[in-house]
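A structural walkthrough
Here is what each chain is made of, one letter per residue.
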Amino acid sequence: KEKKEKDDQSEETPITNLEYLERVKKELKTDYGSICISGEEIVRKPRQLLGIGPRLNHRLLGGIEEGTINLCSGKQKSGKTTSTLSFLKNCQQSNRFIYYGDVEHRLGKMNLLGSAGLKTDSEHMCVLRSVEGEPPLTAESYLSMFEKIANIHPGSVIVIDSASQLCSEKEMLSDIKSQTRNE
């Protein structure tokens, strides 16, 4: 009889996945906050889509999902800026404010006026670019600005034109040094 009681005590109930999950959540919450959610929560959450145009919306299953990072690439003069400005006009129709990072300084009057219905006033759009008399904006500056904007102004739309032209501070300084040595 005593042996049977000992055997019953030594046999532990196996830990379930949910029990392990609770342990993991508790441990992670200490360092990172409440970051664990179920896949079901993601599936149930309605998608917030921003439309581009009928054809692209169809191909993108309704449009671009809010909160995502998207890359628009293509050959020179293939309509990337025009398509982006059309998308921004649609975003404004959903009361979205636009921050346009004009890294290359190529956004011009023709682009802005060519997108019928795009609101370019300061209540609807802000263009961010290096200006004369101020230090040039580096890749680090632009990315830091956009991170701040995303945290301060929820629901806004941020465009970087063109991400491939972002130059780090190190690159800019080396270009300046090489130009002054050649003079």
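Relevant structure appears above.
Reference entry: report on the structure contained in this document. Residues take numbers from 1 onward in each chain, read along the sequence in its written order. Whole-chain, interface and lining totals are the exception, using all residues; otherwise, since this is a predicted model, local features are given only for residues with pLDDT of at least 70 and side-chain atom pairs are given and counted only at 80 or more. Just so you know, side-chain values use all the structure's heavy atoms and leave hydrogens and water out.

1. A few points about the environment of Glu65
Test applied: Secondary structure counts use DSSP, requiring at least four H or I residues in a row for a helix and at least two E residues in a row for a strand, with both numbered from the N terminus. Think of it in three bands: with a 1.4 Å probe and only protein chains considered, a residue is buried below 20% of the maximum accessible area for its type, exposed above 50%, and partly exposed in between. We call two N or O atoms a polar contact when they sit within 3.5 Å, provided that within protein one can donate a hydrogen and the other can accept it, with sequence-adjacent residues counted only if both atoms are side-chain atoms.
Residue position: Glu65 is located in strand E2 (residues 64-65). For Glu65, a relative accessible area of 33% corresponds to the partly exposed category. Taking C-alpha positions, Glu65 is 8.8 Å from Gly51, a pair spaced 14 residues apart along the chain. Within the structure, Glu65 has its side chain in polar contact with the side chain of Arg47 (distance 3.4 Å).

2. Some details on the pattern of salt bridges
Two side chains of opposite charge can pair, provided their charged atoms sit close to one another. We count it as follows: For this document, the term salt bridge refers to a Lys or Arg side-chain nitrogen within 4 Å of an Asp or Glu carboxyl oxygen.
In the structure shown here, the tally under the stated rule is 5 salt bridges. In this structure, the salt-bridge partner of Lys25 is Glu22, at a minimum N-O distance of 3.9 Å. Within this pair, Lys25 and its partner Glu22 are both found in helix H2 (residues 17-32), separated by 3 residues, close to a single helical turn. Linking Asp102 and Arg129 is a salt bridge whose minimum nitrogen-to-oxygen distance equals 2.3 Å. Of this pair, Asp102 sits in strand E3 (residues 98-102) while Arg129 sits in the loop between strand E4 (125-128) and helix H7 (139-152), and the two are 27 residues apart along the sequence.

3. Concerning the pairing of E3
Note the following rule: Any two strands with at least two DSSP-identified bridges between them are counted as paired. Handedness of a crossover: with both strands directed away from the viewer, a clockwise path from the first strand across the helix to the second marks it as right-handed.
Burial runs high along E3: 5 of the 5 residues are buried. Judged by which residues are buried, E3 turns out to be covered on both faces: Ile98, Tyr100 and Asp102 on one side and Tyr99 and Gly101 on the other are all buried. Sheet topology places E3 next to E4; 4 bridges connect them, and they run parallel. Bridge assignment links Tyr100 to a residue of E4, and that residue is Val127. Handedness of the E3-helix H6 (residues 109-114)-E4 crossover: right-handed. Note that E3 and strand E5 (residues 157-161) share 5 bridges and pair parallel. What sits directly across from Ile98, in E5, is Val157.

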